[in-house]
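Notes for the structure review
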Amino acid sequence: MNDRRYFGLDALRGSMMMLGIVLHAALLYLAAPPPAMPMITDRNNAIVFDVIFAFIHSFRMPTFFVVAGFFTALLVEKRGVAGTYKDRARRVLAPLAVGLVTILPLTGLFLLDFMLAAHFGTHDLIPDPEALKTLDRMMRAKGAPQGELPLGHLWFLYYLCYFYLLIPVCRWLVRQSLRFEERLRRWLDSPLLLAAFALYTAATMWPFHGGQVHEGFIFIKPHLPSLAYYGSFFVLGYFFHHYRDFLQALARKVAVWASLGSILFPLSIYASHLDNSADGTSVALHLGAVLANGMCTWSLIYLFLGCAQRYFDRESPWIQYVSQSSYWVYLVHMPLVLFAGWWLVQFDLPAALKFLLVCAFTSVAAFVTFHYWVQKTWISDFLHGRRFDLNWPWLASR
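A brief report on the enclosed structure follows. (Residues numbered from 1 in each chain as written. Predicted model: local features only at pLDDT ≥ 70, side-chain atom pairs only at ≥ 80, totals over all residues. Heavy atoms only, no water.)

**Remarks on the packing of aromatic side chains**
Counting across every chain of the model gives 43 aromatic pairs. With a centroid separation of 5.3 Å and an interplanar angle of 65°, the aromatic rings of F110 and F339 are classed as edge-to-face. In this pair, F110 is assigned in helix 3 (residues 103-120) and F339 in helix 13 (residues 317-344), connecting sequence segments 229 residues apart. For the pair F339 and W342, a centre-to-centre distance of 5.7 Å together with 55° between the ring planes defines the contact as tilted. Residue F339 and its partner W342 are located together in helix 13, separated by 3 residues, close to a single helical turn. Under the relative-accessibility criterion, F339 is labelled partly exposed at 30%. (Phe/Tyr/Trp six-rings, centres within 6.5 Å; stacked < 30°, edge-to-face > 60°. Helix = DSSP H or I, 4+ residues; strand = E, 2+ residues; numbered from the N terminus. Buried < 20%, exposed > 50% of the residue type's maximum accessible area, 1.4 Å probe, protein only.)

This is the structure in structure tokens:
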């Protein structure tokens, strides 16, 4: 039984969820939304937010699913398969069901409000039916999916439920790997493994425009390419739990992964731009895009896993607070982001100022509600299976 507490990975999981605030705030101020993401943005926009969005999107959810797979393996080790399924039904499936009838409708309302305000200049909380019809026609012309039920930012809980069905497969793969354990441990310590992971990920990116996963996954109808793409990270994270020395190997080479990421990220953006400009007419450009994005994603996953182990694998009030609050913060952040973005549309302010105001408002609202309304109440029991009595981390660390 592995009783070790992985503070660094706890912090990483929480940080990836909280980065949703930055990612979705940046989405409102994109200067040139990706072709696969027809989106109306604020008239005050800037290309820097396209870069911020692309950078965070390249690693955030892949890293989250790697860590989710790791902690799922840890949970199976402690509670068994049946106990894990019961726990995940309470902590993931039940919050998803509640979120679909509470958080998601608010998210949808504020998204419509934002788009109508950004395009028509209206500022009504309850959208005008005629304006909605016009917006629908416009979004159809932009190529937005029709007849699909969106899950919004709750899609990751939905996908986790599918990935938990892979637990028996993951356990079988780990058992089979034991025949080659020593050889695998040597491979896991080799930088060449990054290339192998990147090639597999590149293959799963093939169905996506520009080699970037911007489409299909936010709807209730399962999107098989997205399931294959994100599911592979979950399976590998589960696998890494048995080969935990791999994390220390990553921690020793943080500078290498940072250097690789700094080269591969701009290269991947350029490759995706060329592929999108060709509009699917060049196999060579698409191959270059998926390879560049696959390499970039894995170099950044290596970087953040290594940093988590090297710099944050210790007990800290800050890490504990981030870890315990992140679930609530992620669940409620999207309607808050969209509400703030909608309210700011009416003002002609620099995009950077609007972005900072959206992030600040959302962060304060999410953390204050967690601190005073969630952590000591039944909501914490519902989300975490326990209640907390955490002090603000800057006070607890004194």
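There is more to say, and it comes next.
**Here's the deal with the pattern of salt bridges**
Here the structure, examined in full by the defined rule, presents 11 salt bridges. The partner of R88 in a salt bridge is D87, with the nearest N and O atoms 2.5 Å apart. Here the salt bridges share partners, and the residues they tie into one network are R5, D10 and R13. (Salt bridge = Lys/Arg side-chain N within 4 Å of Asp/Glu carboxyl O.)

**Let's talk about the packing of helix 1 (residues 7-27) against helix 12 (residues 283-311)**
Axis separation between helix 1 and helix 12 bottoms out at 7 Å; the angle between their running directions is 130°. In terms of their interaxial angle, helix 1 and helix 12 are classed as oblique. Here helix 1 and helix 12 pass one another in a crossing that is right-handed. Listed contacts from helix 12 to G8, L9 and L12 of helix 1 are F304, L305, A308 and Q309. (Axes fitted to C-alpha atoms, helices over the stretch in contact; angles between N-to-C directions. Parallel < 35°, antiparallel > 145°, perpendicular 65-115°, else oblique. Left-handed = near helix turned anticlockwise from the far one by under 90°. Contact = heavy atoms within 4.5 Å.)

**A few points about the packing of helix 6 (residues 167-177) against helix 9 (residues 224-242)**
Between helix 6 and helix 9, the shortest axis-to-axis distance is 10 Å and the interhelical angle comes to 45°. Taken together, helix 6 and helix 9 sit at an angle that is classed as oblique. In the packing of helix 6 onto helix 9, the handedness of the crossing is right-handed. For the pair helix 6 and helix 9, contact is made by I167, C170, R171, L173, V174 and S177 and by V235, Y238, F239 and H242, respectively. Residues of the contact of helix 6 with helix 9, tallied by class, amount to 7 nonpolar, 2 polar and 1 charged. (Nonpolar A, V, L, I, M, F, W, Y, C, P; charged D, E, K, R; others polar.)

**Comments concerning unusual backbone geometry**
The phi torsion at D279 lies on the positive side, around 55°, for a residue other than glycine. With a relative accessible area of 64%, D279 lands in the exposed category.

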